[in-house]
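# Summary of structural features
So the chains spell out like this:
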Amino acid sequence: MNKESILSHIDHTQLKAFATWEDIQLLCDEAVEYKTASVCVPQSYIKRIKEKYGDKLNVCTVVGFPLGYNSTGSKVKEIEDALADGAGEIDMVVNISDVKNGDFDKVEEEIRTLKNACKGHILKVIIETCYLTEEEKIAMCKAVTNAGADYIKTSTGFGTAGATMEDILLFKKHIGENVKMKAAGGVKSVEDLIAFIEAGCDRIGTSSAVKMLKGMDTKGEY
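What counts, and where the lines are drawn
- Residues numbered from 1 in each chain as written.
- Predicted model: local features only at pLDDT ≥ 70, side-chain atom pairs only at ≥ 80, totals over all residues.
- Heavy atoms only, no water.
- Pairing = 2+ DSSP bridges.
- Helix = DSSP H or I, 4+ residues; strand = E, 2+ residues; numbered from the N terminus.
- Axes fitted to C-alpha atoms, helices over the stretch in contact; angles between N-to-C directions.
- Contact = heavy atoms within 4.5 Å.
- Core = buried A, V, L, I, M, F, W, Y, C linked by side-chain atoms within 4.5 Å.
- Buried < 20%, exposed > 50% of the residue type's maximum accessible area, 1.4 Å probe, protein only.
- Phe/Tyr/Trp six-rings, centres within 6.5 Å; stacked < 30°, edge-to-face > 60°.
- Parallel < 35°, antiparallel > 145°, perpendicular 65-115°, else oblique.
- Left-handed = near helix turned anticlockwise from the far one by under 90°.
- UniProt positions renumbered as here; feature names shortened; annotations may be inferred.
- Polar contact = N/O pair within 3.5 Å; in protein donor to acceptor, adjacent residues only side chain to side chain.

### Structural notes on the sheet that holds strand β7 (residues 180–184)
If you walk around this closed barrel you meet the eight strands as β1-β2-β3-β4-β5-β6-β7-β8, and the pairing is parallel. The mean angle between the axes of side-by-side strands here comes to 25°, regardless of whether they run parallel or antiparallel. Note: strand β4 (residues 89–93) against strand β5 (residues 122–126), five bridges, orientation parallel. Residue pairing in the sheet places Asp91 in a bridge with Lys124 of β5. Here helix α8 (residues 165–174) sits on the sheet and contacts β6 (151–153) and β7; the angle it forms with β7, its principal contact strand, is near 165°.

Here's what the structure looks like:
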């Protein structure tokens, strides 16, 4: 798998609470140069990014991040504001408490509501696997599928653990055919990137892919 192919799957990410405009510009410059799938950034930077970079970048942002317990209405408002500022993709966090309470119908309905609010834009659903049992993960695969979301995503990167191959293989077994997978958090090596892509992940969320791949020839195999 060559460098260009790997980077086409990367959501180049900077979501630290203390991210500066300088940090965001570096992220965006790298994304333009290396042609990543998107940049994933705090909502407050979207408008400024679009003003500087225009259509050179696909901008993704997060909603209900990172804990997920915002009301559905507030998440809808976040989406509306993000799309108005120029976001192309939304990564939402489910209400993890509702998942732990076994209220899967409520979670599914929230996902469906937020997908409708996206007005045709991509919606990725973060289920924060580190807090869930296998049965809860399977239930969330079904909820994400039934609600019509575009992706199921492992993690925020702010939980107790990130993506694992075990969870991706579990997703693969239980999601519907129209749902794609995104691994995020804890993807720390080129070997990890390749393994997750080969396992079926269409996207990988990481802040370090460009740095990891800089020494690799653009067309060369790893």
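### Here's the deal with the nonpolar core
Counting 66 residues, the largest nonpolar core has Ile49, Val94, Ile111, Leu123, Val125, Met140 and Ile152 as the members making the most contacts within it. In terms of residue count, the dominant contributor to this core is helix α2 (residues 21–34) (six residues). Those residues within four positions of Ile111 in sequence are excluded, and the remaining contacts are Met92, Val94, Leu123, Val125, Met140, Ala143, Val144, Ala147 and Ala149.

### Focus: the environment of Leu67
Tracing the chain through its elements places Leu67 in the loop between β3 (59–63) and α4 (72–85). Overall, Leu67 belongs to the partly exposed group, its relative accessible area being 45%. For the pair Leu67 and Val93, spaced 26 residues apart in the sequence, the C-alpha separation amounts to 6.9 Å. Residues in contact with Leu67, not counting those within four places in the same chain, are Val93, Val94 and Ile96.

### Re the packing of aromatic side chains
Evaluated as defined, the whole model comprises two aromatic pairs. Taking 5.9 Å as the distance between ring centres and 20° as the angle between the ring planes, the aromatic pair formed by Trp21 and Tyr45 counts as stacked. Separated by 24 residues along the polypeptide, Trp21 in helix α2 and Tyr45 in the loop between β2 (38–41) and α3 (46–53) bring together distant segments of the chain. Both residues of the pair, Trp21 and Tyr45, count as buried. For the ring pair Phe65 and Phe158, a centre distance of 5.3 Å and an interplane angle of 90° mean the geometry is edge-to-face. Of the two residues, Phe65 sits in the loop between β3 and α4 while Phe158 sits in the loop between β6 and α8, which places them 93 residues apart along the sequence.

### Looking at the packing of α4 against helix α6 (residues 104–117)
Look at α4 against α6: their axes get within 9 Å of each other, and the N-to-C directions meet at 20°. In this view, α4 runs roughly parallel relative to α6, as classed from their interaxial angle. In this structure, α4 crosses over α6, and the sense of that crossing is right-handed. Mapping the contact onto sequence places Thr72, Lys75, Val76, Ile79 and Leu83 in α4 and Glu110, Thr113, Leu114 and Ala117 in α6.

### Concerning the environment of Val39
Examined against the element boundaries, Val39 turns out to sit in strand β2. For Val39 and Thr129, which are 90 residues apart along the polypeptide, the C-alpha to C-alpha distance reads 23 Å. What Val39 contacts, discounting residues up to four positions off in sequence, is His12, Leu27, Cys28, Ala31, Leu57, Asn58, Val59 and Cys60.

### Comments concerning the UniProt feature "active site" (unreviewed entry) in the chain
UniProt annotation of "active site" (unreviewed entry) refers to Asp91, Lys153 and Lys182 when read in the numbering used here. The greatest C-alpha distance among the residues just named is 10.2 Å, despite their covering 92 residues of sequence, which places them together in space. Mapped onto the elements of the fold, Lys153 is located in strand β6. Overall, the relative accessible area of 4% leaves Lys153 in the buried class. Each residue touching Lys153, except ones within four places of it in the same chain, is listed here: Asp91, Val125, Ile126, Ile127, Glu128, Phe171, Lys182 and Ala184. Its location among the elements puts Lys182 in strand β7. The contact partners of Lys182, leaving out residues within four places of it in the chain, are Asp11, Asp91, Lys124, Tyr151, Ile152, Lys153, Thr154, Arg203, Ile204 and Gly205. Among the polar contacts made by the side chain of Lys182, one reaches the side chain of Asp11 at a distance of 2.7 Å.

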